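# Chain and residue survey
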Amino acid sequence: MSDRQEYALRLADDALILSHRLAEWSSNAPDLEEDIALTNIGLDLLGQARELLTYAGELEGAGRDEDDLAYLRTEHEFTCCHLVEQPNGDFGATMARQLYFSTYQLALYEQLTLSTDDRFAAIAAKAVKEVLYHRDHATGWVIRLGDGTALSHDRMQRGLDQMWRFCGELFEPDEVTGRLAAGIGVDPERLLPAWNSHIDAVLSEATMSRPSGTWRPGTGRRGVHSEHLGYLLAEMQYLHRLHPGASW
Amino acid sequence: MTITQEKDARETLARVVDPEIPVITIAELGILRAVEQTAEGAVRVTITPTYSGCPAMDVIREEIRVALAADGFRDVRIDTVLSPAWTTDWITADGRRKLADFGIAPPAPAGRGGPVPVVIQPRPVAVRCPQCGSERTREVSRFGSTACKAQYRCDACLEPFDYFKSL
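Every chain's residues receive numbers from 1 upward, in the order its sequence appears when written. The order in which chains are written sets their letters, starting at A; the order in which ligands are written sets their numbers, starting at 1. In view of the model being predicted, local features appear only for residues whose pLDDT reaches at least 70, and side-chain atom pairs are presented and counted only at 80 or more, with totals across whole chains, interfaces and linings using the full set of residues.

## Concerning the overall build of chain B
- Along its length, chain B carries four helices and seven strands.
- A residue is called partly exposed when the number of other C-beta atoms within 10 Å of its own lies between 12 and 20, exposed at 12 or fewer, and buried at 20 or more, with C-beta atoms placed from the backbone. Residues counted as buried form 37% of the 167 residues belonging to chain B.
- Any residue pair is listed as a contact if its two C-beta atoms, each placed from the backbone, are within 7 Å. Summarising the internal contacts of chain B: among those between residues at least 6 apart in sequence, 55% fall at separations of at least 24. Secondary structure elements are taken from DSSP: a helix is a run of H or I of four residues or more, a strand is a run of E of two residues or more, and numbering for both begins at the N terminus.

Quick look at the structure:
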């Protein structure tokens, strides 16, 4: 697999798996407006994933399309980070995951708009505008819940603490990002200052404390996942595996 | 295809409306990017999505094909491009007026980079109620019935309405 293809798959898998998690909120969110918001954010991510999977398939040149890559790869062939595969938990935990991930994804896509690869640059330029809304959405909720009642304050802090240990993986460089950092891809370590700056500003405004736990080294980019991903894929891929080629 | 045919194709496409907001055409919405003839004489139509995940794109492609076929264009190629990224600033003046008449407040200028990266609300732009014209309106949710809309409520006439958000 080429570096470029592997990179496209990573970006796609992060977006696809988080999109599925957000879709799980459909009909379960605290109110109708939030139900619509979470599924709309999921839809944006799904659109980004489709573009990236299609590109990964083209780079591979073996005739696999977006559906083959989304529905017919096994758990160990997915290279998403652990953060996006974490179960939704309560609304506070979902908002913590959204804040952490959208802040990272926004910084990443902003850099990727400058990629020397026209396709990555175009996908990122489209997505960056959407992700700005995602980050706004999460930011608003973390502040509202954090600086809310005693109960919402505690649950928001718990959500932030719970998702915290998975954030380190987002910024870990490896051989693939190292080889692509010269212009095609983005060096993830470089995204950390912008991420810290937004997260710290939001946590402070939300009267939340920055979680103190250490960041766990990531294995998702190597295809080693938490137990949660297998269950997620079983649900996501079931229909397509039962009826190969099924479409709307 | 001659120049006249290209013009005819353009006129045909000027009647294709957005499936989710059927008062506005794809040209007025700014998602119809180009209508050209290829060297082989086919009609090449270039469109761009509003949002990456816009579920209307398949329907729009189908409607373009149907409209062109009905007017005798058989050889049609539809390209979907992402770059340059669509912005609400491409919605025409006619399109904006039609949105307002339909009850959807048209978008504020997007400027560079779309929405304003704020930590704390409120949004700086006053959104005018498409029912009564008041600017005493409130955002209910940044996300609405489609990816491109937000939900608002008017404090003057108390009606809820959609706002086509800037992108």
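What follows picks up the thread again.
## Some details on the pairing of strand 3 (residues 76-80) of chain B
All names here are of chain B.
- One ladder, built from five bridges, connects strand 2 (residues 43-47) with strand 3; its direction is parallel. Residue pairing in the sheet places Val43 in a bridge with Val76 of strand 3.
- Taken together, strand 2, helix 3 (residues 57-70) and strand 3 constitute a β-α-β crossover, and its handedness is right-handed. Note on pairing: two strands pair once DSSP finds at least 2 bridges between them. With the strands pointing away from the viewer, any crossover whose connection runs clockwise from the first strand over the helix to the second is right-handed.

## What about the packing of helix 1 (residues 3-23) of chain A against helix 2 (residues 32-60) of chain A?
All names here are of chain A.
- Between helix 1 and helix 2, the shortest axis-to-axis distance is 7 Å and the interhelical angle comes to 155°. On the basis of their axis angle, the class for helix 1 and helix 2 is roughly antiparallel. The handedness of the crossing between helix 1 and helix 2 comes out as left-handed.
- Residue type decides the class: Asp, Glu, Lys and Arg count as charged, Ala, Val, Leu, Ile, Met, Phe, Trp, Tyr, Cys and Pro as nonpolar, and the leftover types, Gly among them, as polar. Counted by class, the contact of helix 1 with helix 2 contains 19 nonpolar, five polar and two charged residues. Axis definition: a line fit to C-alpha positions, over the contact stretch in the case of helices; interaxial angles, taken between N-to-C directions, run 0 to 180 degrees. What sets the label is the angle itself: under 35 degrees gives roughly parallel, over 145 gives roughly antiparallel, 65 to 115 gives roughly perpendicular, and the rest give oblique. By the definition used in this description, the sense in which the near helix is turned from the far one sets the handedness, with an anticlockwise turn below a right angle giving left-handed and a clockwise turn giving right-handed.

## A short note on helix 6 (residues 118-146) of chain A
All names here are of chain A.
- In this model helix 6 runs 41 Å from its N-terminal to its C-terminal C-alpha over 29 residues, within 8% of the 42 Å that 1.5 Å per residue would give.
- Bending of helix 6 peaks at approximately 30° at the position of Val128.
- For helix 6, the buried fraction is high: 23 of the 29 residues fall into the buried class. In this analysis, the expected span of each helix is defined as 1.5 Å times one less than the number of residues it contains. Think of it this way: the bend at a residue is just the angle between two axes, each fitted to seven residues, one set ending at that residue and the other starting at it.

## Some details on the sheet that holds strand 2 of chain B
All names here are of chain B.
- Strand order in this open sheet of three strands is 1-2-3, and the pairing throughout is mixed. At either margin of the open sheet sits one strand with a lone partner, and together these are strand 1 (32-37) and strand 3. When the angles between neighbouring strand axes are averaged without regard to direction, this sheet yields 15°.
- Pairing of strand 1 with strand 2 involves five bridges; the strand directions are antiparallel. Within the sheet, the bridge partner assigned to Glu36 lies in strand 2 and is Arg44.
- Each of strand 2 and strand 3 touches helix 3; the most contacted strand, strand 3, lies at about 155° to it.

## Details of unusual backbone geometry
- Here Ser83 of chain B and Pro84 of chain B are connected by a cis peptide whose omega angle stands at -5°.
- The residue Pro84 of chain B is located in the loop between strand 3 and helix 4 (93-102) in this model.
- Phi at Thr207 of chain A is positive, roughly 55°, even though this residue is not glycine.
- You can see Thr207 of chain A is positioned in the loop between helix 9 (192-205) and helix 10 (228-242).
- Residue classification places Thr207 of chain A among the partly exposed residues on the basis of 13 C-beta atoms within 10 Å.
- Backbone geometry places Leu158 of chain B, a non-glycine residue, at a positive phi of 65°.
- Along the polypeptide, Leu158 of chain B turns up in the loop between strand 6 (149-154) and strand 7 (160-164).
- Of the residues examined, Leu158 of chain B has 10 C-beta atoms within 10 Å and is grouped as exposed.

## Focus on the interface of chain B and chain A
- Taken together, the contact pairs 23 residues of chain B with 27 residues of chain A.
- Grouping the amino acids of the side of chain B that touches chain A by side-chain chemistry returns 13 nonpolar, nine polar and one charged.

## A short note on the domain arrangement of chain B
Residue and element names in this part refer to chain B.
- Residue ranges labeled as domains rest on an automatic or database domain assignment. Each assigned domain of chain B is listed here: domain 1 (3-80) and domain 2 (104-164).
- Every contact between the two is made by six residues of domain 1 and, on the other side, four residues of domain 2.
- Grouping the amino acids of the side of domain 1 that touches domain 2 by side-chain chemistry returns three nonpolar, two polar and one charged.

## So, the packing of helix 5 (residues 91-112) of chain A against helix 9 of chain A
Residue and element names in this part refer to chain A.
- Closest axis-to-axis distance for the helix 5/helix 9 pair is 9 Å, and the angle between their directions is 145°. Note on packing geometry: the crossing formed by helix 5 with helix 9 is right-handed. Taking contact as the criterion, the partners of Leu99, Thr103, Tyr104 and Ala107 in helix 5 are, on helix 9, Ala194, Trp195, His198, Ile199 and Val202.
- The residue makeup of the contact of helix 5 with helix 9, split by class, is seven nonpolar, two polar and no charged.

## Here we look at the sheet that holds strand 6 of chain B
Residues and elements named next belong to chain B.
- With mixed pairing, the four strands of this open sheet are ordered in space as 4-7-6-5. Edge positions in the open sheet fall to strand 4 (104-105) and strand 5 (137-141), since each of these has one partner strand only.
- Strand direction decides the pairing type here: strand 4 and strand 7, joined by two bridges, are parallel. In the sheet register, Ala105 faces strand 7, and the bridge partner there is Tyr163.

## Overview of the nonpolar core
- Residues of type Ala, Val, Leu, Ile, Met, Phe, Trp, Tyr and Cys that are buried and joined through C-beta atoms within 7 Å form what is called a nonpolar core. By size, the foremost hydrophobic cluster in this structure holds 110 residues, and its most contacted members are Ala12, Leu52, Leu83 and Val142 of chain A.
- Viewed by domain, this core spans two of them, domain 1 (3-80) and domain 2 (104-164) of chain B, each represented by three or more residues.
- Each residue touching Val142 of chain A, except ones within four places of it in the same chain, is listed here: Met95, Leu99, Met156, Val202 and Ala206 of chain A.

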